[in-house]
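The lines below spell out each chain.
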Amino acid sequence: MNKTLRPVESAHGTFHITDVYPSVDGGRFPVKRIVGEPVEVWADIYRAGHDVISAALVWRREGDSEWQVAPMTAHSDDRWGGAFVPDRPGRYAFAIEAWTDEFASWRHRFEQKPRDGSDHTLDALEGAGMLTQAQAGSPAAAAVIIRQCEIFLQTGEPGALLAPELREAMAGSQFRRDLMRSQLYALTADRPRVRSGAWYQMFPRSQGKTPGMHATFNDCIARLPDIAAMGFDVVLLAPIHPIGRQHRKGRNNATTAQAGDPGSPYAIGAAEGGHDAVHPELGTLDDFRAFVAASQAYGLEVALDFAVQCSPDHPWLTEHPEWFKRRPDGSMRTAEHPPQRWEDVVNPDFGSEDAGALWRALRDVVLFWVEQGVRIFRVDNPHTKPLAFWEWLIREVRDRDADVLFLAEAFARPKLMKGLAKLGFTQSYSYFTWRTQRFELEQYLGELASYPERDFFRPNFFVNTPDVLPFHLQSGESWMFKSRLALAATLSSSYGIYSGFELLEHTPVPGREEYLNSEKYEIRVRNWEQPGNIKPYIAALNRIRRGNPALQQFANLRFISVDDGGVIGFIKEAVDQGNVIAAAIALSAELREVWLPLGDVMVGRGDARRPVSAVEDLVTGERHALEWGGIRLRIDPARDPALLLRCVA
Ligand SMILES: O=P(O)(O)O[C@H]1O[C@H](CO)[C@@H](O[C@H]2O[C@H](CO)[C@@H](O)[C@H](O)[C@H]2O)[C@H](O)[C@H]1O
């Protein structure tokens, strides 16, 4: 437990350092920020009496011995602010220090003395006495102090003690008798990919061209130009490991496989190896590394699925039987997440006596793939494993390589999802996949973009996943796919699609939000140029995202009241870059004209900030001038359900 360091008490008691921002659960969990971007810190700092208070922000990266110091300045109502810039990814701690500036307090009192001819010599001597005790400052400050002290001693003029440069020199040179440091607050700085990225999820074995034939990593390499041309940043692979044979699942989640069925890639482990092996039909480890290198060459980063569970054929079941709990009849309980049943896998027992070795083995699996060049992991249903395990694993890995990122694939209870984010997951799945109405989106986004969620929960908006074909996509209407894509790609700075979305795949298992003939259980071959595909639309959206910093942030969001309940409107602003985007996205198919109130939108930086006067359509390039504080524009969802407008002054 962090403790506030108690100072030598002054006559006015100790300082109160409260309402510290940013902090998550009082500093217990790290606030999340991006490397190279200023971290603003605010606190209420006060104490009884009228002495002049000074404050500073002290911070360091975990492992560094030296504290760095940044000044804090007082704003109105005892609110103080300061900032620092974390320059490397990793964990940081910061605290706030407060102390009395005794010379400034003396000066303040001296300046209040009546100018009525009274003798203030004694007061002046007290001030001068403080100069003789100043000892902690820079040589330049020392020179100022000595000079002003000598002037005072030679002339007896108190004006020498009131020189502004002396006040400044003394501020950094006095012994801080009542220095108080707050508790420590934790912070994590991540690389920029965490803040923004477009993800493309695919099953490697389905990337070939011959129906029924298992694809290889070479086939995956051949797919990269198409994925890169759509403007994606991350290519997320379903598990690439050997697949169990016992209790293998068949097509459409059948609990018995037919001859030739490849099984679910989430049933990890077979005679060929476990979590650190590559499915032989995909190729070798060298082939995988070649895929990672080829992805990099296309500007894509590879993310791997990390699923803890094991097929009954996983080598760990024979090598470490103690990690798996047997039922009274000797069988093992298969994994489940009610109502889902995963009959082809068992979960290791996190309560086993040898759980420490299991934890280390799982950590080593992650480190193994880090060695192969992977820096992003989608963690499969983390909410069914102990939270303390994830906190430990993420820390263990990131202490070795702070560039490694973890996405929590948890569609769980809200508090549990937020808990996972607090204890270290870099990004999180979200409920966006099911939020379709304007009020639902506004409410949900409002929650995620507010304090304190915005400081620890970084959502990744997936429009679909291999497990979820949401009802609203099941009619296969192009405008709806585009609308969902535009919402995900602009409301959130990180978003993803599962492959097949670009082809408008939409055939469900009747009555369910699942894909019929899901490639979780079979090999698929697709015509990636299928007529009606929305690849050009995806590419255009990703291009717009890359060109507009406002769309690369999440919490910079403000909804506007569009005069049509079937359209959601919002503003995103990147203040530092002077980039402001207004968006209006149709949630239903009708052609309409909408009024966008933009009168209070300001554009530009600092003194150059001006009210918006026109907008530029980022798709068509057309420019429209504002009239009467807003603009009326047409949305034709059949063509494009989203209006994306750059605001110009
Ligand atoms: O956490 P979720 O419920 O969203 O689902 C994830 O984990 C599931 C278990 O790994 C996984 O389910 C798939 O793999 C299972 C094991 O092979 C299999 O029994 C299921 O039928 C299959 O859906 C799911 O895909 C993953 O996203």
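Source: prediction; values computed, not measured.

(A) Spatial organisation of the environment of Lys 209. With respect to the helices, strands and loops of the structure, Lys 209 is situated in the loop between strand E10 (197–202) and helix H5 (217–229). Using a relative accessible area of 74% as the deciding quantity, one classes Lys 209 as exposed. For Lys 209 and Asp 219, which are 10 residues apart along the polypeptide, the C-alpha to C-alpha distance reads 8.1 Å.

(B) Main features of the pairing of strand E22 (residues 579–586). By the criterion of burial, E22 is predominantly enclosed, with eight of the eight residues buried. Of the two faces of E22, the one lined by Asn 579, Ile 581, Ala 583 and Ile 585 and the one lined by Val 580, Ala 582, Ala 584 and Ala 586 are each fully buried. Bridge count between strand E21 (residues 567–574) and E22: eight bridges; the pairing is antiparallel. For Ala 574, the partnering residue across the bridge sits in E22 and is Asn 579. Taking the residues that link successive antiparallel strands as the turn, the E21-E22 hairpin has four residues, and the phi of Gly 578 there is positive, at about 65°.

(C) Summary view of the UniProt feature "site: Transition state stabilizer" (unreviewed entry) in the protein chain. The UniProt feature table records "site: Transition state stabilizer" (unreviewed entry) at Asp 467. Within the secondary structure layout, Asp 467 lies in the loop between strand E18 (459–462) and helix H12 (478–491). With sequence-adjacent residues up to four places away left out, Asp 467 is seen in contact with Arg 378, Glu 409, Glu 513, Glu 514 and Lys 520.

(D) Highlighting the pattern of salt bridges. For the structure on display, the rule yields 52 salt bridges. Glu 111 is the partner of Arg 107 in a salt bridge, and the nearest nitrogen-oxygen pair spans 3.4 Å. Taken together, the residues span about one helical turn, with Arg 107 and Glu 111 both in helix H1 (residues 102–111) at a distance of four residues. The class of Arg 107 is buried, set by a relative accessible area of 11%. The exposure class assigned to Glu 111 is partly exposed, which follows from its relative accessible area of 38%. A salt bridge links Glu 442 to Arg 438, with the shortest nitrogen-to-oxygen separation between them at 3.4 Å. Here Glu 442 pairs with Arg 438, and both are found in helix H11 (residues 438–448), just four residues apart, close to one helical turn. Residue classification places Glu 442 among the partly exposed positions, given a relative accessible area of 25%.

(E) View of the packing of H5 against helix H6 (residues 285–297). Close contact between H5 and H6 brings their axes to 9 Å; oriented N to C, the two are set at 5°. Relative to H6, the element H5 lies roughly parallel. On H6, the residues touching Phe 217, Cys 220, Ile 221 and Leu 224 of H5 are Asp 287, Phe 288, Ala 290, Phe 291, Ala 294 and Ser 295. Class assignment for the residues of the contact of H5 with H6 results in eight nonpolar, one polar and one charged.

(F) Region of interest: the sheet that holds E18. If you walk around this closed barrel you meet the eight strands as E10-E11-E12-E15-E16-E17-E18-E19, and the pairing is parallel. Looking at each pair of strands side by side, their axes are set apart by 25° on average, direction ignored. With four bridges connecting them, strand E11 (residues 234–237) and strand E12 (residues 301–306) associate as parallel partners. Counterpart to Leu 237 in the pairing with E12 is Leu 304. Against the sheet, H6 engages E10, E11 and E12, with an angle of about 135° to E12.

(G) Spotlight on the pairing of E10. The buried fraction of E10 is high, at six of six residues. Covered by surrounding structure in E10 are Gly 197, Trp 199 and Gln 201 together with Ala 198, Tyr 200 and Met 202, the residues of both alternating faces. By the bridge criterion, five bridges tie E10 to strand E19 (residues 494–498) in an arrangement that is parallel. When the sheet's bridge partners are listed, Tyr 200 is paired in E19 with Ile 497. Judged from the four bridges that link them, E10 and E11 form a sheet pairing that is parallel. Looking across to E11, one finds that Met 202 is bridged to Leu 237. After leaving E10, the chain enters H5 and then returns to the sheet as E11, a path that is right-handed.

Basis of the calculations
- Residues numbered from 1 in each chain as written.
- Predicted model: local features only at pLDDT ≥ 70, side-chain atom pairs only at ≥ 80, totals over all residues.
- Heavy atoms only, no water.
- Helix = DSSP H or I, 4+ residues; strand = E, 2+ residues; numbered from the N terminus.
- Buried < 20%, exposed > 50% of the residue type's maximum accessible area, 1.4 Å probe, protein only.
- Pairing = 2+ DSSP bridges.
- UniProt positions renumbered as here; feature names shortened; annotations may be inferred.
- Contact = heavy atoms within 4.5 Å.
- Salt bridge = Lys/Arg side-chain N within 4 Å of Asp/Glu carboxyl O.
- Axes fitted to C-alpha atoms, helices over the stretch in contact; angles between N-to-C directions.
- Parallel < 35°, antiparallel > 145°, perpendicular 65-115°, else oblique.
- Nonpolar A, V, L, I, M, F, W, Y, C, P; charged D, E, K, R; others polar.
- Right-handed = clockwise from strand over helix to strand, strands pointing away.

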